[in-house]
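# Commentary on secondary and tertiary structure
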Amino acid sequence: MRRILVDHARRRDAEKRGGANIRLTLDESIVVANETDVDLFAVGGNNFDGLAYNAQIGNKDKAFEFLEKVYQRREYSINFIQVDPRLDNLHDDPRFAELVGRVESR
């Protein structure tokens, strides 16, 4: 009985860690992401995840769409937009400065 329970627990842990999922390097995932439209909400993401993901792959327009959603929905994560290193490449865009101004005036 113990062996059955241990095997079951190991299978569940393996499934949690990705199990049979295909493993990609970061470079490979960027190439795949640029070729397809990734639905972050389908895999448990949120607006800030979409913002960070698109900022990292260089898709600034899509990142600013997510940034606006984060702002409009008053998500707590809006407080981290100036310090999150994943968003560093957005800091030089005038849209970012404008949104930071709106956040600070609130």
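Everything discussed here concerns the structure shown above.
Residues numbered from 1 in each chain as written. Predicted model: local features only at pLDDT ≥ 70, side-chain atom pairs only at ≥ 80, totals over all residues. Heavy atoms only, no water.

## Describing the packing of aromatic side chains
Applying the stated criterion across every chain yields a total of 1 aromatic pair. With centroids separated by 5.5 Å and ring planes inclined at 70°, the aromatic side chains of Tyr 76 and Phe 80 adopt a geometry described as edge-to-face. By relative accessible area, Phe 80 is classed as partly exposed at 35%. Looking at Lys 69, its charged tip hangs above the ring of Phe 66, at a distance of 5.1 Å from the centre. Residue placement shows Arg 102 over the ring face of Tyr 71; its charged tip is 4.6 Å from the ring centre. (Phe/Tyr/Trp six-rings, centres within 6.5 Å; stacked < 30°, edge-to-face > 60°. Buried < 20%, exposed > 50% of the residue type's maximum accessible area, 1.4 Å probe, protein only. Lys NZ or Arg CZ within 6 Å of the ring centre and 35° of its normal.)

## Here we look at the pattern of salt bridges
On inspection of all chains with the given rule, the structure shows 7 salt bridges. As a salt-bridge pair, Lys 60 and Asp 92 come within 3.4 Å of each other at their nearest N and O atoms. Highlighted residues: Lys 60 in helix α4 (residues 60-72) and Asp 92 in the loop between α4 and α5 (94-105), separated in sequence by 32 residues. A relative accessible area of 26% means that Lys 60 is categorised as partly exposed. On the basis of relative accessibility, which here comes to 61%, the residue Asp 92 falls in the exposed class. Of the charged contacts in the structure, one is a salt bridge between Arg 95 and Asp 61, with a shortest N-O distance of 3.0 Å. Here Arg 95 is found in helix α5, whereas its partner Asp 61 is found in helix α4, with 34 residues between them in sequence. Here the residues in one salt-bridge network are Asp 61, Asp 93 and Arg 95, joined through shared partners. (Salt bridge = Lys/Arg side-chain N within 4 Å of Asp/Glu carboxyl O. Helix = DSSP H or I, 4+ residues; strand = E, 2+ residues; numbered from the N terminus.)

## Things to note about the packing of helix α3 (residues 47-56) against α4
In the contact formed by α3 and α4, the axes pass within 8 Å of each other and the chain directions differ by 155°. With respect to their mutual orientation, α3 and α4 come out roughly antiparallel. Crossing angle aside, the handedness with which α3 passes α4 is left-handed. Side by side, α3 and α4 meet where Asn 47, Phe 48, Gly 50, Leu 51, Asn 54 and Ala 55 of the first sit next to Lys 62, Ala 63, Phe 66, Leu 67, Lys 69 and Val 70 of the second. (Axes fitted to C-alpha atoms, helices over the stretch in contact; angles between N-to-C directions. Parallel < 35°, antiparallel > 145°, perpendicular 65-115°, else oblique. Left-handed = near helix turned anticlockwise from the far one by under 90°. Contact = heavy atoms within 4.5 Å.)

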